[in-house]
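Each chain, letter by letter, is given below.
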Amino acid sequence: MKLLFIGDIVGQPGRRAVKELLPKLRKQHALDFVIANGENSAGGSGITPKTAVEIFSAGVDVITSGDHLWDQKEVMELLANEKRFLRPLNYPPETPGHGSGVFEVQNPGSKIQGPLSVAVMNAQGRTFMPPLENPFLLALDEAKRLRERTKIIFVDFHAEATSEKIAFARFLDGQVSAVVGTHTHVQTADEQIFPGGTAYLSDAGFTGPHESVLGREIEPVIKRFLTGMPQRFEVAKDRVFLNGAVIEIDDASGKAVKIQRVSEAIP
Ligand SMILES: [Fe+2]
Ligand SMILES: [Fe+2]
């Protein structure tokens, strides 16, 4: 099976990129399943039921998140009611929402016969990030649980430090099909498949306006670095790209066969 993971969708331009580019990518790569990180989909900070519906309607099957999870209070509704929306699994146990889920592949048209399930897991790093529970052992336990239901497991690891991301993915090598990083908004060029069969990319990049600083207007960010004073960071507008990765997974073994970066501009 083939899945597309879409890096952090930033604001309206990011949502538009998914809407406009996903049909073409679906055809081009014969995609069976689409996962997207939506933590910046509402005005660049957080996610609401409205932006989630927009992303699902564009053809995304599962939305993951990260440290911007709490930026919009309406997220509580998603955490309570939307099974296709995931938050990092390493919050304390009482936190609403789910860190993983198992989903049926809905999209026919591939060579898959019979029902096929995909597990998606979302975890968050701790280096230069708000403190959460240790994601390493939690993710390993979660992967073991998920493997009883399906061998096809995708992990969005929302983290800052490349060392933490690589170590996390190496630790899970052979236990999951793929680990792709998010959060830095800068796509890395280190896509590879580890010896145990886990596909890896340190960061998928972001989906939104790239004439920007990580999706925000350039000037206020420079001013903040110059003065140290707080600024309003509006979502930028131009050079809109969809960033992510296509991963091909062997249905029977759950091992990755191929990983390919995607960086596609709105025409
Ligand atoms: Fe982000
Ligand atoms: Fe983030």
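Coordinates for the structure precede this section.
Residues numbered from 1 in each chain as written. Chains lettered and ligands numbered in written order. Predicted model: local features only at pLDDT ≥ 70, side-chain atom pairs only at ≥ 80, totals over all residues. Heavy atoms only, no water.

Concerning the coordination of the iron ion (ligand 1)
In this structure, Asp-8 (OD), Glu-39 (OE), Asn-40 (OD1) and His-185 (NE2) serve as the protein donors to the iron ion (ligand 1), at separations of 2.1 to 2.2 Å. Classification of the site at the iron ion (ligand 1) as irregular follows from its four donor atoms and the range of 89 to 168 degrees in their angles at the metal. Each donor residue of the iron ion (ligand 1) lies on the same chain, and together they follow the pattern D-x30-E-N-x144-H. Separating the iron ion (ligand 1) from the iron ion (ligand 2) is a distance of 3.6 Å, and Glu-39 supplies a donor atom to each of them. Here Glu-39 lies in the loop between strand 2 (33-37) and helix 2 (49-57) and Asp-8 lies in the loop between strand 1 (2-6) and helix 1 (11-29), a separation of 31 residues in the sequence. We note that Asp-8, like Glu-39, is buried. (Donors = N, O, S within 2.8 Å, 3.2 Å for Na, K, Ca; no water. Tetrahedral: all angles 85-135°; square planar, octahedral: opposite > 155°, others 65-115°. Helix = DSSP H or I, 4+ residues; strand = E, 2+ residues; numbered from the N terminus. Buried < 20%, exposed > 50% of the residue type's maximum accessible area, 1.4 Å probe, protein only.)

Describing unusual backbone geometry
One non-glycine residue, His-185, lies in positive phi territory at about 65 degrees. Along the chain, His-185 falls in the loop between strand 7 (178-182) and strand 8 (192-193). Taking the relative accessible area as the measure of exposure, His-185 reaches 9% and is therefore buried. Phi at Leu-214 takes a positive value of approximately 55 degrees, unusual for a residue other than glycine. Its place among the elements puts Leu-214 in the loop between strand 10 (208-209) and helix 6 (218-227).

A few points about the coordination of the iron ion (ligand 2)
Surrounding the iron ion (ligand 2) are the protein donor atoms Glu-39 (OE), Asp-67 (OD), His-158 (NE2) and His-183 (ND1), which sit 2.1 to 2.3 Å from the metal. Here the iron ion (ligand 2) is ringed by four donor atoms whose angles at the metal span 86 to 149 degrees, and the overall shape comes out irregular. Of the residues examined, Asp-67 reaches a relative accessible area of 22% and is grouped as partly exposed.

Overview of the pairing of strand 6 (residues 153-158)
Most of strand 6 is tucked away, with six of its six residues classed as buried. Relative to strand 6, strand 5 (residues 117-124) is paired through six bridges, and the arrangement is parallel. From the neighbouring strand, Gln-124 faces strand 6, where its bridge partner is His-158. For the crossover from strand 5 across helix 4 (residues 135-147) to strand 6, the handedness is right-handed. The handedness of the strand 6 to strand 7 crossover, carried by helix 5 (residues 162-171), is right-handed. (Pairing = 2+ DSSP bridges. Right-handed = clockwise from strand over helix to strand, strands pointing away.)

Description of the sheet that holds strand 6
Pairing within the open sheet is mixed, and its six strands lie in the order 4-5-6-7-9-8. Only two strands of the sheet have a single neighbouring strand rather than two, namely strand 4 (100-104) and strand 8. Summarising the sheet, strand 7 and strand 9 (residues 199-201) pair through three bridges and their orientation is parallel. Each residue of the ladder has a partner; that of Ala-178, found in strand 9, is Ala-199.

Examining the packing of aromatic side chains
Throughout the structure, instances matching the rule amount to seven aromatic pairs. Plain terms: the ring middles of Phe-5 and Phe-154 are 4.9 Å apart, the flat faces sit at 35 degrees to each other, and that makes the pair tilted. You can see Phe-5 sitting in strand 1 and its partner Phe-154 sitting in strand 6, a full 149 residues away along the chain. Ring geometry for Phe-33 and Phe-103: centres 6.4 Å apart, planes at 40 degrees, overall tilted. Of this pair, Phe-33 sits in strand 2 while Phe-103 sits in strand 4, and the two are 70 residues apart along the sequence. Classification of Phe-33 as buried rests on a relative accessible area of 1%. (Phe/Tyr/Trp six-rings, centres within 6.5 Å; stacked < 30°, edge-to-face > 60°.)

Focus on the pattern of salt bridges
All told, the structure shown has ten salt bridges when counted by the stated rule. A salt bridge links Arg-145 to Glu-142, with the shortest nitrogen-to-oxygen separation between them at 2.6 Å. Pair noted here: Arg-145 and Glu-142 are both in helix 4, with a separation of three residues, about one helical turn. What makes Glu-142 buried here is its relative accessible area of 15%. The salt bridge partner of Arg-239 is Glu-211, with a shortest N-O separation of 3.3 Å. In this pair, Arg-239 sits in the loop between helix 6 and strand 11 (240-249) while Glu-211 sits in the loop between strand 10 and helix 6, placing the two residues 28 residues apart along the sequence. Looking at Arg-239, the relative accessible area reads 47%, which means it is partly exposed. (Salt bridge = Lys/Arg side-chain N within 4 Å of Asp/Glu carboxyl O.)

Let's talk about the nonpolar core
Counting 30 residues, the largest nonpolar core has Leu-4, Ile-6, Val-18, Val-60, Ile-63, Phe-85 and Leu-242 as the members making the most contacts within it. Elements with a minimum of two residues in this core: strand 1, helix 1, strand 2, helix 2, helix 3 (75-81) and strand 11. Of the residues forming this core, the biggest block, five residues, is contributed by helix 1. With sequence-adjacent residues up to four places away left out, Leu-4 is seen in contact with Leu-22, Leu-25, Leu-31, Phe-33, Val-34, Ile-35, Ala-245, Val-246 and Val-262. Met-1, Leu-3, Phe-33 and Val-105 belong to the second largest nonpolar core, which has 24 residues in total. (Core = buried A, V, L, I, M, F, W, Y, C linked by side-chain atoms within 4.5 Å. Contact = heavy atoms within 4.5 Å.)

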